[in-house]
Amino acid sequence: MKKLLTASALLLATTSLASAEGTLQLFNWGNYTSPELLAKFEAETGIKVTVTDYDSNDAALAKVEAGGSGFDLVVPSANYVPIWVEKDLIVPLDNSKLANKGNIAPEWQDVAWDKGRTHTIPWQWGSTGIAVNTKVYGGDINTSAVFLEVPEELKGKINVVPEMNDVVNLALWYVGGEPCTEDTEVLKKARDVLVAAKPDWISMDYGATEKLSNNDWAASVNWNGSTMRARLANPDVKYGYPKEGFPLFMDSVALLKDAQNVEEAYKFLDFIMIPENAAMISSFARYANGIAGSDAFMPEDMKTAPEVMIPEEFKASGHFLPTCSPKAQEYMTAIWTELQK
């Protein structure tokens, strides 16, 4: 009987421990979460994180808005945060559970898309530009003409990432417009240039890091960190900053209103604001982060990387995208839908 009781006690203790350890469901962009970070978090807290990937802001929003997603945390881009708030899909954060919130760098503490950082914690920030294999194409890569008036050398070899706001706004800048415009004449010009260019694209795919690295593609509209990772594997890959205008972004982590693992989510949010841990995310994804003090832990090659350090001559062309009005979003969605045909 004593042995039986001891075995039962051990079983109860083990069950209790498993329950205490907990789990966390993170809904994040694909190929964007450091496995080393997750391993460290689990080792320190006992909480196992499951990551589910998405490839665009709209895909993430649609999945959660449909209900019953089962996710706890999501990582929307800056211009989408107000949409998540307006739709009541994410909740204000309890700062009493975020001891490390003071580590957010001063320039990212009070941002236009989340005043006072009430709903989000910084994840990574960067830009959207043009990645080109310069062994295939030796022309100017600092222009959206690379994908909107595709050079002969790149026809059938260039990809466009499936992020509507980035792509449509690159086209709007190219034709002389502004992001989120409701000017139907400008929107028509952007639509026409995109539709005319599409037959020269090979795909509209998320997987630029690998496919640029292994020469499946010779160019892509792409994000800077992904392009740096491709260059490290394939030195012929270079990153261009469209002089007509290019998007800047910051992706931030938010707590979903229907999150089931709330305490685990707060532990993770606080964990990623420790400078060394924020640097782990950057070391993997190759984007800058918004946490003060993380520079001391960053890889040396990121401190001078042309994909991370925007050249002075192109800084004025980079802009954070605003949150579009419903009418502007409707126009952009119509353009995007036409591109999917």
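What counts and what doesn't
Residues numbered from 1 in each chain as written. Predicted model: local features only at pLDDT ≥ 70, side-chain atom pairs only at ≥ 80, totals over all residues. Heavy atoms only, no water. Helix = DSSP H or I, 4+ residues; strand = E, 2+ residues; numbered from the N terminus. Rg over C-alpha atoms; globule rule 2.2 N^0.38 Å. Buried < 20%, exposed > 50% of the residue type's maximum accessible area, 1.4 Å probe, protein only. Contact = heavy atoms within 4.5 Å. Areas by Shrake-Rupley, 256 points an atom, 1.4 Å probe, with all protein chains shown as cover. Lys, Arg positive; Asp, Glu negative; His and termini not counted. Charge placed at Lys NZ, Arg CZ, Asp CG, Glu CD. Salt bridge = Lys/Arg side-chain N within 4 Å of Asp/Glu carboxyl O. Arc of directions from axis to C-beta. Disulfide = S-S within 2.5 Å. Axes fitted to C-alpha atoms, helices over the stretch in contact; angles between N-to-C directions. Parallel < 35°, antiparallel > 145°, perpendicular 65-115°, else oblique. Nonpolar A, V, L, I, M, F, W, Y, C, P; charged D, E, K, R; others polar. Phe/Tyr/Trp six-rings, centres within 6.5 Å; stacked < 30°, edge-to-face > 60°. Lys NZ or Arg CZ within 6 Å of the ring centre and 35° of its normal.

A. Expanded view of the overall build of the protein. Within the protein, the secondary structure is distributed over 12 helices and 10 strands. For a compact globule of 341 residues, the expected C-alpha radius of gyration is about 20 Å, and the protein comes in at 22 Å, within 12% of that figure. The principal-axis extent of the C-alpha atoms belonging to the protein is close to 80 × 45 × 40 Å. The buried share among the 341 residues of the protein stands at 54%. Across the protein, the fraction of contacts at a sequence separation of at least 24, relative to all contacts at a separation of at least 6, is 74%. Of the roughly 14,800 Å² that the protein leaves accessible, carbon and sulfur atoms contribute 55%. Positive and negative side-chain charges of the protein, numbering 29 and 46 respectively, have mean locations separated by a distance of 4 Å.

B. Representation of helix α10 (residues 262–271) within the structure. Among the 10 residues of α10, 7 are classified as buried, and the element is accordingly described as predominantly covered. Looking only at α10, the buried set comprises Glu264, Ala265, Tyr266, Phe268, Leu269, Asp270 and Phe271.

C. A look at the pattern of salt bridges. Per the stated rule, a full pass over the model turns up 14 salt bridges. A salt bridge links Asp192 to Arg191; its shortest N-O distance comes to 3.0 Å.

D. A look at helix α2 (residues 35–45). Among all positions of α2, only Leu37, Leu38 and Phe41 are buried. When α2 is viewed along its axis, its buried side chains cluster within an angular range of 95° and face the same direction. Those residues of α2 that are buried lie in contact with β2 (48–54), β4 (120–133), α10 and α11 (275–285). Gly46, located one to two residues past α2, shows a positive phi value of around 80°.

E. Spatial organisation of the environment of Gly293. Looking at where Gly293 falls in the secondary structure, it is placed in the loop between α11 and β10 (318–320). Judged by relative accessible area, Gly293 falls into the partly exposed class, the value being 46%. Spatially, the C-alpha atom of Gly293 lies 9.3 Å from that of Ala278, the residues being 15 residues apart in sequence.

F. View of the state of the cysteines. The full count for this structure, using the stated rule, is 1 disulfide. Here Cys180 engages in a disulfide with Cys324; their sulfurs sit 2.0 Å apart. Because the torsion about its S-S bond is -75°, the bridge between Cys180 and Cys324 counts as left-handed. In this pair, Cys180 sits in the loop between α6 (164–174) and α7 (184–197) while Cys324 sits in the loop between β10 and α12 (326–339), placing the two residues 144 residues apart along the sequence. Cys180 gets classed as buried once you look at its relative accessible area, which sits at 13%. Relative accessible area serves as the criterion here: at 12%, Cys324 is assigned to the buried category.

G. Spotlight on the side chain of Thr120. Note that Thr120 resides in strand β4. Non-local contacts of Thr120, meaning those with residues more than four positions away in its chain, are made with Val81, Leu93, Asp114, Ser252, Val253 and Ala254.

H. View of the packing of α6 against α12. Running from N to C, α6 and α12 cross one another at 95°; their axes reach a closest spacing of 10 Å. Classed by the angle they form, the pair α6 and α12 counts as roughly perpendicular. Residue-level contacts link Met164, Asn165, Val167, Val168 and Asn169 of α6 to Gln329, Met332, Thr333, Ile335 and Trp336 of α12. By residue class, the composition of the contact of α6 with α12 is 6 nonpolar, 4 polar and no charged.

I. Broad picture of the packing of aromatic side chains. In this structure the tally under the stated criterion is 20 aromatic pairs. Residues Phe41 and Phe268 carry aromatic rings whose centres are separated by 5.2 Å and whose planes lie at 85° to one another, so their mutual orientation is edge-to-face. Here Phe268 lies in helix α10 and Phe41 lies in helix α2, a separation of 227 residues in the sequence. What makes Phe268 buried here is its relative accessible area of 0%. One aromatic cluster is present, built from ring pairs that chain together Tyr32, Phe41, Trp123, Phe249, Phe268, Phe271 and Tyr287. Above the face of the Phe284 ring, Arg229 is positioned so that its terminal group lies 4.5 Å from the ring centre.

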